[in-house]
Amino acid sequence: MKLSQGFRMAFKSVWSNKLRTALSMLGILIGVATVIALVGMGQGSKNQVEQQVASLGTNSLSVTITGRGTATSLSLEDALALADISNIEAVAPTVSGNATVKYEKTSTDVTVEGITGHYETVNDFSVQSGRYIAPVDVRNTQKVALIGVDTATELFGSDDPVGEVIAVNGSRFTIVGLLESKGSSLTGSNDEKILIPITTAQKMFDSVGVRSISIKVEDLDRMDQTVAALEASLLETFRGDDSSYRVFNQEDAVETLNSVNETMNTMLLYVAAITLVVGGIGVMNIMLVSVTERTREIGIRKSLGAKRRDILFQFLVEAVVISGIGGALGIGAGFLGSEAIGIANGTDTSVPPQTVAIAFVFSAVVGVVFGIFPANKASRLKPVDALRHD
Amino acid sequence: MIGTKQDALIEITQLVKQYVMGRETVTVLKGVSLSVYPGDFVAIVGPSGSGKSTMMNVIGCLDTPTDGSYKLDGTEVRGLSDNKLADIRNKKIGFIFQGFHLLPKLTALENCELPLIYRGLPAKQRREMAMTALEQVGLGERVHHRPSELSGGQQQRVAIARALATNPPILLADEPTGALDMKTGQEVLSLIEELNRKGHTIVLITHDMDVAKRAGRTVVMRDGELTETVGRRETHEAQPRLPDGVQERLVEQA
Ligand SMILES: Nc1ncnc2c1ncn2[C@@H]1O[C@H](COP(=O)(O)OP(=O)(O)O)[C@@H](O)[C@H]1O
Ligand SMILES: [Mg+2]
């Protein structure tokens, strides 16, 4: 038999057994599509977390004061003094609380953070119009505020908030700057908040010390020494009580988050693998169910002079065509699915090419193996046995 | 024997066929011998279960003998490889089965082209040969029908056309009328007779004496043993000794 004729015969068989073809393709399609969609989803959430973590900056540290009482709190001066430690570029202590802000008839609850001017550098969070909190505002406990874009929209609509006066927990504050839009980070929305001078905030929330400090490090390579120096300094301040503070390395946080994400991705991969196997079993079933019919066919073909290699070639081409088309459609469906999931969740999904390759190859191998395995068996039968098969 | 001067097309000597079923060995053909010469129309007749189909499967190289010798067109068939046997089936033998054995998804023409495809002929030549064969069996008008769109008699004629398409020296028919009613069965038999008159060598297998009578020569298979009968009278007399066959024939005729 000629090769081209073998191809033609196989295509004809694939085409004329539409139900069988469609069902086996479906098994492969679902397997591949699910894997791609699931992995795409997992990758998407991983990317999202990484982006958020990156927005925090890996060259930053944060110190949280957990101790209570005067002996175990950090005064603003002590906090600012931490900037003297070598390799620390800037220190941004914050005091935060919740407050109701009101403008004319509109009011809303927001997070209020008391900051110093260094907040801008340390958190990489600037204003798009107006000015920032200046040292003089902090020194004089000025009632000035920076407003986040979402809060601004809520209170002022599309009007320019700079220069307007709002009431924060009843006190009048002048808005001096509109913050740039920053979206959400792991610590919540950055656009629904108000920043005021830290001294003003201490007064408003009646807090003596500083409970949270963000620190920007100059040289990332010397992070470890810097953390050590910082901890030594804090230990001295707290007179040996190391339970009163905690230093968070942003890198540690990234690692923790990544490991959580890895776990989730691994689980998704298991689910995807199970789907592939289930899809494979579906394909196998279809192929095996049609074995009686096909064994007869093989018997007839052999009685007419088909050789074993003719039979195998035909079935191989059939299986490759079905698996190939099924797999290709599955890739298409998987991408559409992961896009849809991305849109529904508002996350970017991304599908790594090797996942596509693995899913495709696995399904194709399942399709081809179970396509030719019964055919191989039947083609070994004596024609008389194949013809009698039932 | 007839025509010993001419070389036999089929020469079977002391052929044994055994099946192993579990621990038991069943001997279905117990050392049969048969010679078929070019142009012969031989009927192998016998009751159901006597081993006729087994015999035909061996003759058609669909099955391999356990012992003995089988020479087809001068070549010893026993011990040939699968591929060689496939070649022999393709070139030397045309099968006509009781159950037609057409591929349901293919049209009459495509079914007839199948053996020519395995012979490796180009499309145009295949088509011509298949068409000629279909016209020969009177189905020139129905070439694009699938088996399911044809009557039993027509399907059997497609099968005959498929057997003829390769122009094989031997046509093997195993109960070709078994699945057909009387009238279409007769038509198919007339067609086979006509093919014999045109020079095709035919081996016909049947349990029906009336069918066997149409052949030029009848051999009787009984319990795995073959006896040559000469002339039609004797065949008739042999009838009472074949209660199974007669009974079946009567049932069929009823
Ligand atoms: N594959 C097989 N395995 C075991 N026994 C078989 C097989 N094929 C046929 N036989 C036995 O051989 C005997 C002859 O069968 P067969 O040649 O089909 O008879 P016939 O065609 O004359 O009716 C039967 O008894 C049948 O059971
Ligand atoms: Mg039989």
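Residues numbered from 1 in each chain as written. Chains lettered and ligands numbered in written order. Predicted model: local features only at pLDDT ≥ 70, side-chain atom pairs only at ≥ 80, totals over all residues. Heavy atoms only, no water.

Looking at an unreviewed UniProt entry, chain A carries the name ABC transporter permease, with the source organism given as Paenibacillus soyae. Comment text from UniProt for chain A, heading Subcellular location (unreviewed entry), reads "Cell membrane". The record held by UniProt for chain A lists under Sequence similarities (unreviewed entry) the comment "Belongs to the ABC-4 integral membrane protein family." (UniProt positions renumbered as here; feature names shortened; annotations may be inferred.)

Each helix and strand counted, chain A has 13 helices and 12 strands in total. Over its C-alpha atoms chain A spans a radius of gyration of 33 Å, topping by over 25% the 21 Å that the globule rule assigns to 390 residues. The C-alpha extent of chain A, read off along each of the three principal axes, is 105 × 50 × 30 Å. Counting the 390 residues in chain A, one finds 46% classified as buried. Element-wise, carbon and sulfur atoms account for 57% of the exposed surface of chain A, whose accessible area totals about 18,600 Å². Here chain A contributes 32 positive and 40 negative side-chain charges, whose respective centroids are spaced 21 Å apart. (Helix = DSSP H or I, 4+ residues; strand = E, 2+ residues; numbered from the N terminus. Rg over C-alpha atoms; globule rule 2.2 N^0.38 Å. Buried < 20%, exposed > 50% of the residue type's maximum accessible area, 1.4 Å probe, protein only. Areas by Shrake-Rupley, 256 points an atom, 1.4 Å probe, with all protein chains shown as cover. Lys, Arg positive; Asp, Glu negative; His and termini not counted. Charge placed at Lys NZ, Arg CZ, Asp CG, Glu CD.)

With that settled, consider the UniProt feature "domain: ABC3 transporter permease C-terminal" (unreviewed entry) in chain A. Summarizing the sequence annotation, UniProt attributes the feature "domain: ABC3 transporter permease C-terminal" (unreviewed entry) to residues 271-383 of chain A in the numbering used throughout. End C-alpha to end C-alpha, residues 271-383 of chain A measures 44 Å, and it is 88% helix and 0% strand.

This next bit is on the site of ligand 1. As a matter of local geometry, ligand 1 sits amid Arg388(A), Tyr19(B), Met21(B), Val28(B), Pro47(B), Ser48(B), Gly49(B), Ser50(B), Gly51(B), Lys52(B), Ser53(B) and Thr54(B). The residues that come close to ligand 1 belong to more than one chain, namely chains A and B. Interatomic distance of 2.7 Å between a side-chain N/O atom of Ser53(B) and an oxygen atom of ligand 1. A total of 560 Å² of accessible area belongs to ligand 1 in isolation, and the protein chains cover 68% of it. Within the residue set of the shell around ligand 1, elements represented by two or more residues are β1 (10-21) and α1 (52-59) of chain B. A total of 3 residues in the shell around ligand 1 trace back to one element, the largest contributor, which is α1(B). A per-class count over the shell around ligand 1 returns 4 nonpolar, 6 polar and 2 charged. (Near = heavy atom within 4 Å. Polar contact = N/O pair within 3.5 Å; in protein donor to acceptor, adjacent residues only side chain to side chain. Nonpolar A, V, L, I, M, F, W, Y, C, P; charged D, E, K, R; others polar.)

With that out of the way, let us pick up a negative patch on the surface. Residue and element names in this part refer to chain A. Among the surface-exposed residues, Asp224, Glu251, Asp252 and Glu255 lie close enough to one another that they form a single negatively charged patch. It is helix α9 (residues 250-289) that contributes the most residues to the negative patch, 3 residues altogether. Along the chain, aspartate 224 falls in helix α8 (residues 223-237). A relative accessible area of 59% places aspartate 224 in the exposed class. (Patch = residues over 30% accessible without salt bridge, like charges linked within 9 Å, V, L, I, M, F, W, Y side chains within 5 Å. Salt bridge = Lys/Arg side-chain N within 4 Å of Asp/Glu carboxyl O.)

All names here are of chain A. Taken together, the side chains of Leu288, Val361, Val365, Val369 and Phe373 define a hydrophobic patch exposed on the protein surface, amounting to about 410 Å² of accessible area. Among the elements that take part in the nonpolar patch, helix α12 (residues 353-380) stands out by supplying 4 residues, more than any other. With respect to the helices and strands, the residue valine 361 is situated in helix α12. Overall, the relative accessible area of 47% leaves valine 361 in the partly exposed class.

All names here are of chain A. A complete count under the given rule lists 5 aromatic pairs over all chains for this structure. Ring centres of phenylalanine 7 and phenylalanine 11 lie 6.5 Å apart, and the angle between their planes is 20°; this geometry places the pair in the stacked category. Of this pair, phenylalanine 7 and phenylalanine 11 are both found in helix α1 (residues 3-16), 4 residues apart, which corresponds to roughly one turn of the helix. Assessed through its relative accessible area of 42%, phenylalanine 11 is described here as partly exposed. Lying over the aromatic face of tryptophan 15, lysine 18 brings its terminal NZ or CZ to 4.5 Å of the ring centre. Just above the ring of phenylalanine 125 sits the side chain of lysine 182; from NZ or CZ to the centre is 5.1 Å. (Phe/Tyr/Trp six-rings, centres within 6.5 Å; stacked < 30°, edge-to-face > 60°. Lys NZ or Arg CZ within 6 Å of the ring centre and 35° of its normal.)

Residues and elements named next belong to chain B. Reading across the sheet, the 4 strands line up as β2-β1-β4-β5 and stay open at both edges, with antiparallel pairing between neighbours. Each edge of the sheet is formed by a strand with only one pairing partner; in this case those strands are β2 (24-36) and β5 (75-76). As defined by bridge partners, β1 adjoins strand β4 (residues 67-72) across 5 bridges and the pair is classed as antiparallel. What sits directly across from isoleucine 12, in β4, is tyrosine 70. Seen against the sheet, α1 touches β1, β2 and β4 and runs at an angle of roughly 120° to β1. (Pairing = 2+ DSSP bridges. Contact = heavy atoms within 4.5 Å. Axes fitted to C-alpha atoms, helices over the stretch in contact; angles between N-to-C directions.)

Moving on: the confidence of the model for chain B. Residue and element names in this part refer to chain B. Mean pLDDT over chain B stands at 88; residues scoring 70 or higher make up 88%. Scored below 50 in pLDDT, residues 231-254 shows 27 contacts in the model against residues more than four places distant or in partner chains. Predicted complex, confidence summary: ipTM 0.88, pTM 0.71. (pLDDT = per-residue confidence, 0-100.)

Another aspect to go through is the interface of chain B and chain A. Accessible area lost during the coming together of the parts is what is often quoted as the interface size. With 30 residues of chain B at the interface, the matching set in chain A holds 26 residues. Carbon and sulfur atoms supply 57% of the area buried between chain B and chain A, which totals about 2,400 Å² over both sides. We note a salt bridge from Glu110(B) to Lys12(A), for which the minimum N-O separation is 3.2 Å. When residues of the side of chain B that touches chain A are traced back to their parent elements, those giving at least two are β1, α2 (82-92) and α3 (108-119) of chain B. Within the side of chain B that touches chain A, the residues separate by chemical class into 15 nonpolar, 6 polar and 9 charged. (Buried area = accessible area lost by both parts, 1.4 Å probe.)

This part is about the sheet that holds strand β10 (residues 225-229) of chain B. Residues and elements named next belong to chain B. If you walk across this open sheet you meet the 6 strands as β6-β7-β8-β3-β9-β10, and the pairing is mixed. Two strands bound the open sheet, and with one partner strand each, they are β6 (93-96) and β10. If you compare each strand with its neighbour and ignore which way they point, the axes differ by 20° on average. Across the sheet, α1 touches β3 (41-45), β6, β7 (170-174), β8 (201-206), β9 (217-222) and β10, and the angle it forms with β7 is around 155°. Sitting on the sheet, helix α5 (residues 152-165) is in contact with β6 and β7, with an inclination near 175° to β6.

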